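# Notes for the structure review
So you can see what is in the structure, the chains are spelled out below.
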Amino acid sequence: MKHIINERYREVYDQEILDNGLEVILWHKESYEKSLFMMVTPFGAQNLVQQDEQGNIIHHPRGIAHFLEHKMFAMHGEDVMNRFSAMGANVNAFTSYQETAYYASTSGDPKEPLNLLLDFVQELDIDEASVEKEKGIIISELHMYQEMSDQRLLMETYASLYQKHALRYDIGGDDESVSATTLEHLYRCYEWNYHPSRMILICVSGHDSQELLEIIRQNQAKKQFSAPLLIRSCEETEPAQVARSDYEFTMDVSNPKLCVAYKLCGIEEPYERLRCEWGIRFLLDAYFSSLNPQYQNWLDEGIINDYCGCDVDIGKDAGSILFYSETKKQEEFIALCAQCMKQVRKGEISDHLLAQLKKRYYAQSIRAMNSFDDIAISFVRSRFLGVDYFKTLDHLYYLQAVDVAHAAAYVNDQHRSIVRLLPKKSS
């Protein structure tokens, strides 16, 4: 077992890779009673096409990662949530575009919840009837989200930005893809992506790490697994142009909502990607938040309201900057976003404001180390990206004005999509 101590952040964890390939991280939080256990596979909604080492290619139905997450909670004819509740523990899961995670927490004896988490994630127990029943549940869930105006606006924005990238699809898929998902699809997806060698188990706990590791070792020693497969995702090259430059739709809302989105290229190198995303975020905060003295004027003029904001997201193969607001002055808002992008592209930020923003976000990152959930998912995501979690914090701490200017060079305002959500007209 490898013992890691980070003196700067005063955090300690142990790492061990078991014989079956499962990577175990034991993050020790001294004097805490709570324990959080999270098992994660780097298989999410965007991994729609995969290839094994023999060259076999699988085209997964859209939304299969989310569908599989739903079905994992069935175990020997019982809902595994009930078993966790009987132990006084909580369990849940989530699917993102990049991963699927299952996690349990307890303030009591960790042995039973930890064993149960390992057991239900490492066994898929479903049949045709249960799969068919689940389709209706998932489709109803998708329809519910489509009735949420903010969620719908975001999804229509992604569909407008991307021509081929899987971000253009809802994490849960759609009615057609869910209906087309079969028992065979789910088992094949599980076999390819849930082998221990592809997963990480992270335990954040005040309990003794060696005792937790022994529980895990004993659990895994009782199980047999097939030989691991070397799997890679196949991604289509995303064109620079947007799929739709201007799109509008109606919903039962009181006021119009608008999203102005700019399409960016991805950045392959993870630390470069991290630095650029922070740099662009700082520039957006400088020019499109209350830190800008003009912000109050925009509010007073009704160009924006309290539902207003912006965000940047950069992946290895695609990225975006989004501006959104609830506004009746749509053309003025679009012009405002264009002006902001011109300022961002200049890459200029005062030393005072840079220091202020660094302190804000760095403090948020440090506080996150008191959250077991934040530790677990942030550490695992860093691991899957091949970067050191603590170094990601260091990159934020040491970010300089020259890094912000460098990040601005990645900003492109040539590929823009405007998505308008309008109130339904009265009949």
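Notes on the structure follow. Because the structure is a prediction, the values reported are computed rather than measured.

### Here's the deal with the sheet that holds strand 12 (residues 232-233)
Ordered in space as 6-5-12, the three strands form an open sheet in which the pairing is antiparallel. The open sheet has two edge strands with one neighbour each: strand 6 (57-59) and strand 12. Direction of pairing for strand 5 (residues 49-51) relative to strand 6: antiparallel, over a ladder of three bridges. Across the sheet, residue Gln51 finds its bridge partner in strand 6, namely Ile57.

### Things to note about helix 9 (residues 270-287)
Compared with the 26 Å implied by 1.5 Å per residue over 18 residues, the 26 Å span of helix 9 between its first and last C-alpha is a close match. With 14 of its 18 residues buried, helix 9 lies for the most part within the structure. You can read the cap of helix 9 off the contacts: a side-chain oxygen lies 3.0 Å from the backbone nitrogen of Tyr271, and it is on Glu269.

### Side note on the pattern of salt bridges
Summed over the entire model, instances satisfying the criterion amount to 20 salt bridges. With its nearest N and O atoms 2.5 Å apart, the salt bridge here joins Glu238 to Lys263. Within this pair, whereas Glu238 is found in the loop between strand 12 and strand 13 (246-251), its partner Lys263 is found in strand 14 (residues 257-264), the two being separated by 25 residues in sequence. Across the salt bridge formed by Arg275 and Glu272, the nearest N and O atoms sit 3.0 Å from each other. One end of the pair, Arg275, and the other, Glu272, are both in helix 9, three residues apart, so they sit about a helical turn from each other. With relative accessibility at 25%, the residue Arg275 sits in the partly exposed group. A relative accessible area of 13% places Glu272 in the buried class.

### Points about the packing of helix 12 (residues 351-367) against helix 14 (residues 389-397)
Two measures define how a pair of helices packs: the angle their axes make with one another and the distance between the axes. At their nearest, the axes of helix 12 and helix 14 sit 9 Å apart, and the two run at 160° to each other. Relative to helix 14, the element helix 12 lies roughly antiparallel. In the crossing of helix 12 with helix 14, the sense of the turn from one axis to the other is left-handed. Seen from helix 12, the contacting residues are Lys358, Tyr361, Tyr362 and Ser365; seen from helix 14, they are Leu393, Leu396 and Tyr397. Among the residues making up the contact of helix 12 with helix 14, the classes are represented as five nonpolar, one polar and one charged.

### Concerning the pairing of strand 15 (residues 308-314)
Across a regular strand the side chains alternate sides, sitting on one face of the sheet and then on the other. Of all seven residues in strand 15, five are buried, a share of seventy percent or more. Sheet topology places strand 15 next to strand 16 (residues 319-326); seven bridges connect them, and they run antiparallel. Residue Ile314 lies in a different strand from strand 16, and its bridge partner there is Gly319. Here strand 15 folds back onto strand 16, and the loop between the two strands holds four residues.

### Quick word on the state of the cysteines
The final tally for this structure, using the stated rule, is zero disulfides. For the unlinked cysteine Cys189, the closest cysteine sulfur is that of Cys234, found at 14 Å. The exposure class assigned to Cys189 is buried, which follows from its relative accessible area of 0%. Unpaired in terms of disulfides, Cys337 finds its nearest cysteine sulfur in Cys340, a separation of 7.2 Å. When its relative accessible area of 0% is taken as the criterion, Cys337 is described as buried.

### Comments concerning the packing of aromatic side chains
Taken as a whole, this structure holds 31 aromatic pairs when the rule is applied. Judged by centre distance (5.0 Å) and plane angle (70°), the rings of Tyr13 and Phe379 are edge-to-face. Taken together, the residues span a long stretch of sequence, with Tyr13 in strand 2 (residues 11-17) and Phe379 in helix 13 (residues 372-385) at a distance of 366 residues. What makes Tyr13 buried here is its relative accessible area of 4%. Among the aromatic side chains, those forming a connected cluster through ring pairs are Tyr9, Tyr13, Trp27, Tyr362, Phe379, Tyr389, Phe390, Tyr397 and Tyr398. Cation over ring: Arg62 sits above Tyr169, and NZ or CZ is 4.7 Å from the ring centre. Over the aromatic face of Tyr307 sits the side chain of Lys257, whose NZ or CZ is 4.6 Å from the ring centroid.

### Considerations on the nonpolar core
Ile321 and Phe323 are the most contacted members of the largest nonpolar core, which totals 67 residues. Take this core: its biggest share by element is eight residues, from helix 9. Those residues within four positions of Ile321 in sequence are excluded, and the remaining contacts are Val260, Ala261, Tyr262, Leu264, Ile280, Leu284, Asp311, Val312, Met341 and Val411. Judged by nonpolar contacts, the second largest core, of 46 residues, contains Ile64, Phe73, Leu117 and Ile139.

### Quick look at the sheet that holds strand 16
Strand pairing in a sheet relies on backbone hydrogen bonds. The paired strands run either parallel or antiparallel. Ordered in space as 13-17-14-16-15, the five strands form an open sheet in which the pairing is mixed. In the strand order of this sheet, the two ends are held by strand 13 and strand 15, each with one partner. The average undirected angle you get between the axes of adjacent strands in this sheet is 15°. Along the sheet, helix 9 makes contact with strand 14, strand 15 and strand 16, crossing strand 15 at roughly 165°.

### Here we look at the packing of helix 9 against helix 12
In the contact formed by helix 9 and helix 12, the axes pass within 11 Å of each other and the chain directions differ by 115°. By the criterion of interaxial angle, the relationship of helix 9 to helix 12 is roughly perpendicular. For the pair helix 9 and helix 12, the crossing hand works out as right-handed. Counting all contacts with helix 9, which are made through Trp278, Arg281, Phe282, Asp285 and Ala286, the residues of helix 12 involved are Leu353, Leu354, Leu357, Lys358, Arg360 and Tyr361. Partitioning the contact of helix 9 with helix 12 into residue classes produces seven nonpolar, no polar and four charged.

Cut-offs applied
Residues numbered from 1 in each chain as written. Predicted model: local features only at pLDDT ≥ 70, side-chain atom pairs only at ≥ 80, totals over all residues. Heavy atoms only, no water. Pairing = 2+ DSSP bridges. Helix = DSSP H or I, 4+ residues; strand = E, 2+ residues; numbered from the N terminus. Expected span 1.5 Å × (residues − 1). Buried < 20%, exposed > 50% of the residue type's maximum accessible area, 1.4 Å probe, protein only. Polar contact = N/O pair within 3.5 Å; in protein donor to acceptor, adjacent residues only side chain to side chain. Salt bridge = Lys/Arg side-chain N within 4 Å of Asp/Glu carboxyl O. Axes fitted to C-alpha atoms, helices over the stretch in contact; angles between N-to-C directions. Parallel < 35°, antiparallel > 145°, perpendicular 65-115°, else oblique. Left-handed = near helix turned anticlockwise from the far one by under 90°. Contact = heavy atoms within 4.5 Å. Nonpolar A, V, L, I, M, F, W, Y, C, P; charged D, E, K, R; others polar. Disulfide = S-S within 2.5 Å. Phe/Tyr/Trp six-rings, centres within 6.5 Å; stacked < 30°, edge-to-face > 60°. Lys NZ or Arg CZ within 6 Å of the ring centre and 35° of its normal. Core = buried A, V, L, I, M, F, W, Y, C linked by side-chain atoms within 4.5 Å.

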